[in-house]
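Geometric and topological summary
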Amino acid sequence: MLMISPKMASGMQEKQYTPSLLSFFIYNPTFGPREGEEEKKILFYHPSDVEKNEKIRNVGLCEAIVQFTRTFCPTKPAKSLHTQKNRQFFFEPEENFWMVMVVRNPMIEKPNKDGKPPTVEYQEEEMLDTVYGAVVRQCYSMYKLFNGTFSRAMQAGGVELLMQKLEKFFYRYLQTLHLQSCDLLDVFGGISFFPLDKMTYLKIQSFVNRVEESLSLIKYTAFLYNDQLIWSGLEQDDMRILYKYLTTSLFPRHSEPELAGRDSPMRPEVAGNLLHYGRFLTGPTNLKDPEAKFRFPKIFVSAEDGYEELHLIVYKAMSAAACFMISASVELTREFCEQLDSLVGPQLTLLASDICEQFTINRRISGPEKEPQFKFIYFNHMNLAEKSTIHMRKTASVCLTSVHPDLMKILGDINCDFARVDEDEEIIVKAMTDYWVVGKKSDQRELYVILNQKNANLIEVNGTSPLFGIKQMYVILTKSTPSVPVISSSPYVDPCLFFSPFSFFFITLEEVKRLCATQFNNIFFLD
């Protein structure tokens, strides 16, 4: 993506280029062991119009890098390769199957006077390995959701079938990758849960139980409202990738206005509630069409003996969506779909209206929304719960955040520091602007807070003063932000570590404690 920013009154402009995908390929080094058979190793290569020798050369280079790094650590080969112009990410999802993604580093093109060629500055430190490494893993997880493992395709039809599946899937999927929108949420891959009162939650649980009892073919059910999960019968890892598909691909293609409440004029006033707003998002678009096709996408989820193949039926009424999964060995007919529509449609319409009404009442009780003095991202590794007030919209094609990209980069840096150690810790960063960034890791939970208060409660502290249980203070000057002080309770945070002989300011944790009390009052954070 190209971004142009005006420079000076003369009209000279500098061009800023965000990260972009250069190439993506999958290979297996065991498929072409002899000289002259190197092309057999390549199972998929994007872009496809690259000359054959260049493909072989690029794959051979990656293979050599992986093998070379194995000599230092056989169990942990290279995960990425940094160069001035691009970065390569390596991932081995299955034995001997390697996925490689090459991303061009962000850069700034500055014009020169006197007609000289523009100066190009590559910003290689602006990219985080954790973020784009997670994108490669997501690529495999999404492929596996709809096609099963690479090994399964090999067993079913050999290399030719696998190459056909890879071409068919990744040709479309790679077009949905927008690397300039990737950030900390891609690392977490979490699930946003919709907050509900107990009675409404019980209504939903009762609805799921009634439907599964009436339609015994249904093996698993998931219930979402307003793109947030309420109920799921799947394993967490399966629901995580299915949730990403639903919220970033399927739902945005079928968006519709939300019902405004139970008394909305859109609500059908028909005896027995025979009329409803339910419709299939997968499968037939119109049940009354005699030419309707009753084919549903198939997905693969975890099972005791490995995996199982299922039909995915997604049915939606207003802002409520129910996902029903049925064994792929069962043939779904018109009669079954009509039965599901007549049973689920009215009940789901009622539930959607009830949830919206309850949500409206809760918002009215809590009072008008005020612009918060802080923004935060929260993630729980145990149940994959994710909550963000930083992201205004997050889909596969766009990511609208309410903070500057430099602050998102700081959040990613803090997350990298947290990943290096198992202990609970806390990191505080002062940005060049008036922003303070606080990262807190406690008992498998992570909380990142961004505060912007010019008159915040600041305390002047010497570098050796203990504070908030932190026995020793460290100041870290990061490479990307050389004048940003970072305070940490961990001696493992890097890269440049030294004791500060000077006094400096940092924000107290009172604002963070206030946030935890208001937003996470039922969650225990270790101090």
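As shown above, the structure is provided for reference.
Quick look at the structure, then. Here the structure is a predicted model, which means the values were calculated and not measured. (Residues numbered from 1 in each chain as written. Predicted model: local features only at pLDDT ≥ 70, side-chain atom pairs only at ≥ 80, totals over all residues. Heavy atoms only, no water.)

Below, the discussion takes up the side chain of glutamate 446. Considering the arrangement of structural elements, one finds glutamate 446 in strand β22 (residues 445-452). The buried charged residue glutamate 446 lacks any salt bridge partner; its closest oppositely charged side chain belongs to lysine 441, at an N-O distance of 5.5 Å. A polar atom in the side chain of glutamate 446 sits 2.8 Å from the side chain of histidine 381. A polar contact is formed between the side chain of glutamate 446 and the side chain of tyrosine 448, at a distance of 2.2 Å. Once residues lying within four places of it in the same chain are set aside, the contact partners of glutamate 446 are Phe188, Ile377, Tyr378, Phe379, His381, Asn415, Phe418, Lys440 and Lys441. (Helix = DSSP H or I, 4+ residues; strand = E, 2+ residues; numbered from the N terminus. Buried < 20%, exposed > 50% of the residue type's maximum accessible area, 1.4 Å probe, protein only. Lys, Arg positive; Asp, Glu negative; His and termini not counted. Salt bridge = Lys/Arg side-chain N within 4 Å of Asp/Glu carboxyl O. Polar contact = N/O pair within 3.5 Å; in protein donor to acceptor, adjacent residues only side chain to side chain. Contact = heavy atoms within 4.5 Å.)

By the element assignment, glutamine 138 lies in helix α2 (residues 129-147). You can call glutamine 138 buried: its relative accessible area is 11%. At 3.0 Å, the side chain of glutamine 138 and the backbone oxygen of aspartate 186 are in polar contact.

If you check α2, its first and last C-alpha atoms are 27 Å apart, about what 19 residues at 1.5 Å a residue would give, namely 27 Å. Extensive coverage of α2 is indicated by the burial of 14 of its 19 residues. Glycine 148 occupies a position one or two residues after α2 and carries a positive phi of about 80°. (Expected span 1.5 Å × (residues − 1).)

Let's shift gears to the packing of α2 against helix α6 (residues 236-253). Between α2 and α6, the least distance of the axes is 10 Å, while the angle of their chain directions is 90°. By the angle class used here, α2 and α6 are roughly perpendicular. Note on element contacts: α6 touches α2 through Ile241, Leu242, Lys244 and Tyr245, opposite Gln138, Ser141, Met142, Leu145 and Phe146. A class-by-class count of the residues in the contact of α2 with α6 yields six nonpolar, two polar and one charged. (Axes fitted to C-alpha atoms, helices over the stretch in contact; angles between N-to-C directions. Parallel < 35°, antiparallel > 145°, perpendicular 65-115°, else oblique. Nonpolar A, V, L, I, M, F, W, Y, C, P; charged D, E, K, R; others polar.)

With the rule as written, the count across this model stands at 26 aromatic pairs. Ring geometry for phenylalanine 207 versus phenylalanine 223: centroids 5.9 Å apart, planes at 80°, classification edge-to-face. With phenylalanine 207 in helix α5 (residues 198-214) and phenylalanine 223 in strand β10 (residues 218-225), the pair connects residues that are 16 residues apart, well separated along the chain. Judged by its relative accessible area of 0%, phenylalanine 207 falls in the buried class. The ring of phenylalanine 251 is capped by lysine 316, whose NZ or CZ atom sits 5.1 Å from the centre of that ring. A cation over an aromatic ring shows up here: lysine 430 above the ring of tryptophan 436, its NZ or CZ 5.4 Å from the ring centre. (Phe/Tyr/Trp six-rings, centres within 6.5 Å; stacked < 30°, edge-to-face > 60°. Lys NZ or Arg CZ within 6 Å of the ring centre and 35° of its normal.)

With that settled, consider the pairing of strand β6 (residues 86-94). Residues in a regular strand project their side chains so that they alternate between the two faces of the sheet. With seven of its nine residues buried, β6 lies for the most part within the structure. The sheet contact formed by strand β5 (residues 80-82) and β6 spans three bridges and is antiparallel. Residue serine 80 lies in a different strand from β6, and its bridge partner there is phenylalanine 89. Counting the residues that bridge the hairpin from β5 to β6 gives three residues. In the sheet, β6 pairs with strand β7 (residues 97-104) via seven bridges, with the strands oriented antiparallel. Bridge pairing in β7 places asparagine 86 opposite arginine 104. Counted between consecutive antiparallel strands, the loop separating β6 from β7 contains two residues, among which asparagine 96 sits at a positive phi close to 70°. (Pairing = 2+ DSSP bridges.)

Quick look at unusual backbone geometry now. With an omega of 5°, the peptide bond running from histidine 46 to proline 47 counts as cis. Here proline 47 shows up in the loop between β4 (42-46) and α1 (52-70). A positive phi angle, near 70°, is found at asparagine 96, a position not held by glycine. By the secondary structure assignment, asparagine 96 is in the loop between β6 and β7. The backbone phi angle of aspartate 443 is positive, close to 50°, even though this residue is not glycine.

The strand order across the open sheet built from five strands is β4-β3-β7-β6-β5, with neighbouring strands paired in antiparallel fashion. Bordering the open sheet on either side are β4 and β5, each of which pairs with just one other strand. This sheet shows a mean twist of 10° between the axes of neighbouring strands, independent of strand direction. Docked against the sheet, α1 engages β3 (20-27), β4, β5, β6 and β7, running at close to 75° with respect to β3. In the packing of α2 onto the sheet, contacts are made with β3, β5, β6 and β7, and the angle to β6 comes to roughly 40°.

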